[in-house]
Amino acid sequence: MGAIEQTVAVYERLKGRKYKVTVENGIEFVLDFDKKYYHHLAGYHYLTDVAGIAAPAYGKARFYQRLKNGRIKETEILCSQLFHNIAERIEHFGMIEEILSAGACKIIVEFDKRKADSDIEAKFYLYQRRGNPLLREPVTYYMLFIGCDTERNRYYPATYIVEHSTKYTAGQTMLNCKIEWME
């Protein structure tokens, strides 16, 4: 199974359940994975050199369905000269499942994009970290940003990032949370 096919397999498992997140500040929300979110989570919007990949004319949900059904071939994506921009996301896409593993004492970050000098529109992010910056070890953050549609009071997976610096963590407010799986 190729790397792109593996991301689809992971996403199928993510789509199979809902995730109830209870934050220590009293906010509770349910996060679920619709087909239309996969495109941005995987980073395909960066692949502007391949027609129909970065901005599929038929929509992001249909893009996912076509990729899942083999109508978009993995080679079409891998041949992009810009694939290196998303290679780590694709390679570590399975970390999203680890980030959303059920349990208490999880850390959620109330995201302030100004502190990170970022354009990411998100209310929170959940993350896993490998390495320890205090011990001067190489560090990698795997971050699932969560957006909020305030009009509908709905939370959604906004983007997924693999980062090797503290750019997104420095100065942010970290809170405890609990994640429960719902079927």
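Right above here is the structure, for reference.
Here is a short report on the structure shown in this document. One numbering rule holds for all chains: residues counted from 1, following each sequence as written. Under the rules for a predicted model, residues below a pLDDT of 70 receive no local features and side-chain atom pairs below 80 are neither given nor counted, while totals for whole chains, interfaces and linings still include all residues. Only hydrogens and water are set aside; all other atoms, that is, all heavy atoms of the structure, feed into the side-chain values.

## Regarding helix α3 (residues 60-68)
Threshold: Exposure is judged per residue with a 1.4 Å probe applied to protein chains only, and the accessible area is read against the type maximum: over 50% gives exposed, under 20% gives buried, and values in between give partly exposed. Only DSSP runs of H or I with at least four residues qualify as helices, and only runs of E with at least two residues qualify as strands; both kinds are numbered from the N terminus onward. What the arc covers is the set of directions going from the helix axis to the C-beta atoms. Whether two residues are in contact is decided by their heavy atoms: any pair within 4.5 Å suffices.
Those residues of α3 that fall on the buried side of the exposure criterion are Phe63, Tyr64 and Leu67. In a view along the axis of α3, the buried residues occupy a sector of 100 degrees, so they form one face of it. Buried residues belonging to α3 abut α1 (3-15), α2 (35-42) and α4 (74-78). In the segment just after α3, Gly70 is the residue with positive phi, at about 85 degrees.

## Focus: the nonpolar core
Keep this limit in mind: By convention a nonpolar core is built from buried Ala, Val, Leu, Ile, Met, Phe, Trp, Tyr and Cys residues, the set being connected through side-chain atoms within 4.5 Å.
Phe33, Tyr38, Tyr44 and Leu100 are the most contacted members of the largest nonpolar core, which has 44 residues in total. Broken down by element, the residue count for this core peaks at five residues, all from α1. By size, the runner-up hydrophobic cluster in this structure holds 14 residues, among which are Phe111, Ala116, Ile120 and Ile161.

## Points about the packing of aromatic side chains
Which entries qualify depends on this criterion: Each aromatic pair joins two rings of Phe, Tyr and Trp (for Trp, the six-membered one) with centres within 6.5 Å, and gets the label stacked for planes under 30 degrees apart, edge-to-face for over 60, and tilted for any other angle.
On inspection of all chains with the given rule, the structure shows 20 aromatic pairs. Between Tyr11 and Tyr38 the ring centres are 5.3 Å apart and the planes differ by 65 degrees, which places this aromatic pair in the edge-to-face class. Pair noted here: Tyr11 is in helix α1 and Tyr38 is in helix α2, with a separation of 27 residues, a long-range link. Taking the relative accessible area as the measure of exposure, Tyr11 reaches 0% and is therefore buried. Where Tyr125 meets Phe145, the ring centres are 4.9 Å apart and the plane angle is 45 degrees; that geometry is what we call tilted. You can see Tyr125 sitting in strand β4 (residues 124-130) and its partner Phe145 sitting in strand β5 (residues 140-149), a full 20 residues away along the chain. With relative accessibility at 0%, the residue Tyr125 sits in the buried group.

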